[in-house]
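# Secondary and tertiary structure notes
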Amino acid sequence: MSSFSTTLGNSTVLGAFRDSKLVAIAGFAVQQGQKMAHKGVIWGMYVQPSASRGRIGRQLVEAILDLARQRVELIQLTVVRDNEQARRLYASLGFLEYGIEKNALKQNGRYYDEILMAKDLSEKSN
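Not measured: the values here are computed from a predicted model. (Residues numbered from 1 in each chain as written. Predicted model: local features only at pLDDT ≥ 70, side-chain atom pairs only at ≥ 80, totals over all residues. Heavy atoms only, no water.)

## Some points on the overall build of the protein
Broken down by element type, the protein carries three helices and six strands. Counted from the first residue to the last, the protein has its helices and strands arranged as α-β-β-β-α-β-α-β-β. Looking at the protein as a whole, 33% of its 126 residues qualify as buried. A separation of at least 24 residues holds for 53% of the contacts in the protein among residues at least 6 apart in sequence. Of the accessible surface of the protein, which amounts to about 8200 Å², a share of 49% is contributed by carbon and sulfur atoms. (Helix = DSSP H or I, 4+ residues; strand = E, 2+ residues; numbered from the N terminus. Buried < 20%, exposed > 50% of the residue type's maximum accessible area, 1.4 Å probe, protein only. Contact = heavy atoms within 4.5 Å. Areas by Shrake-Rupley, 256 points an atom, 1.4 Å probe, with all protein chains shown as cover.)

Structure representation (structure tokens):
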């Protein structure tokens, strides 16, 4: 619990609402340490299935990108390899795949690979 509390304390969390109900959420954090402070990470992105057909996920990531451009030069994320919809969304917003972490997650005895993605936010690339 204290680890999550620390993460939350160092993050900005944005949400999307429909009819006053939270339907999507994502966190953004600047990496800690002098040598890594130029990088940010999107974490905890979730869109309820009932809201996934709309543009809510895209709008949420765009809002994080607007915030991140003011604070970092590079933004990174990971996405489960099988989540093709999310991978397409991130790619359409300019994120590039740069690696795979095998067996990154384990749930109920099943392993999941994660795709590492990043987007350059520096002035020269925009």
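From this point, the narrative continues.
## With respect to the layout of surface pockets
Empty space left among the atoms is revealed by rolling a probe the size of a water molecule over them. Of the pockets and cavities examined, the largest pocket occupies roughly 560 Å³. Every residue lining the largest pocket is counted, 21 residues in all, and those nearest its centre are Met45, Val47, Asn83, Ala86 and Tyr90. Per-element accounting of the lining of the largest pocket gives the leading share, six residues, to strand E3 (residues 39–47). Split by residue class, the lining of the largest pocket holds eleven nonpolar, seven polar and three charged. (1 Å grid on protein atoms, 1.4 Å probe; cavity = no way out; pocket = protein on both sides within 12 Å on 5 of 7 lines; lining within 4 Å. Points joined across faces, edges and corners; volume = space filled by probe spheres on them. Nonpolar A, V, L, I, M, F, W, Y, C, P; charged D, E, K, R; others polar.)

## Quick look at the sheet that holds E3
Taken in spatial order, the six strands line up as E1-E2-E3-E4-E6-E5 in an open sheet, and their pairing is mixed. Here the strands that pair on one side only, and so sit at the sheet edges, are strand E1 (11–18) and strand E5 (96–107). Strand after strand, the sheet turns through a mean of 25° between neighbouring axes, direction not considered. Pairing of strand E4 (residues 74–80) with strand E6 (residues 110–120) involves seven bridges; the strand directions are antiparallel. Across the sheet, the residue bridging to valine 79 is isoleucine 115, located in E6. Here helix H2 (residues 56–69) sits on the sheet in contact with E1, strand E2 (21–30), E3, E4 and E6, set at roughly 30° to E2. Against the sheet, helix H3 (residues 84–92) engages E3, E4, E5 and E6, with an angle of about 160° to E4. (Pairing = 2+ DSSP bridges. Axes fitted to C-alpha atoms, helices over the stretch in contact; angles between N-to-C directions.)

## So, the environment of glutamate 101
Within the secondary structure, glutamate 101 is located in strand E5. Spatially, the C-alpha atom of glutamate 101 lies 9.5 Å from that of valine 80, the residues being 21 residues apart in sequence. Filtering out sequence-adjacent residues up to four positions away, glutamate 101 remains in contact with Tyr112, Asp113 and Glu114.

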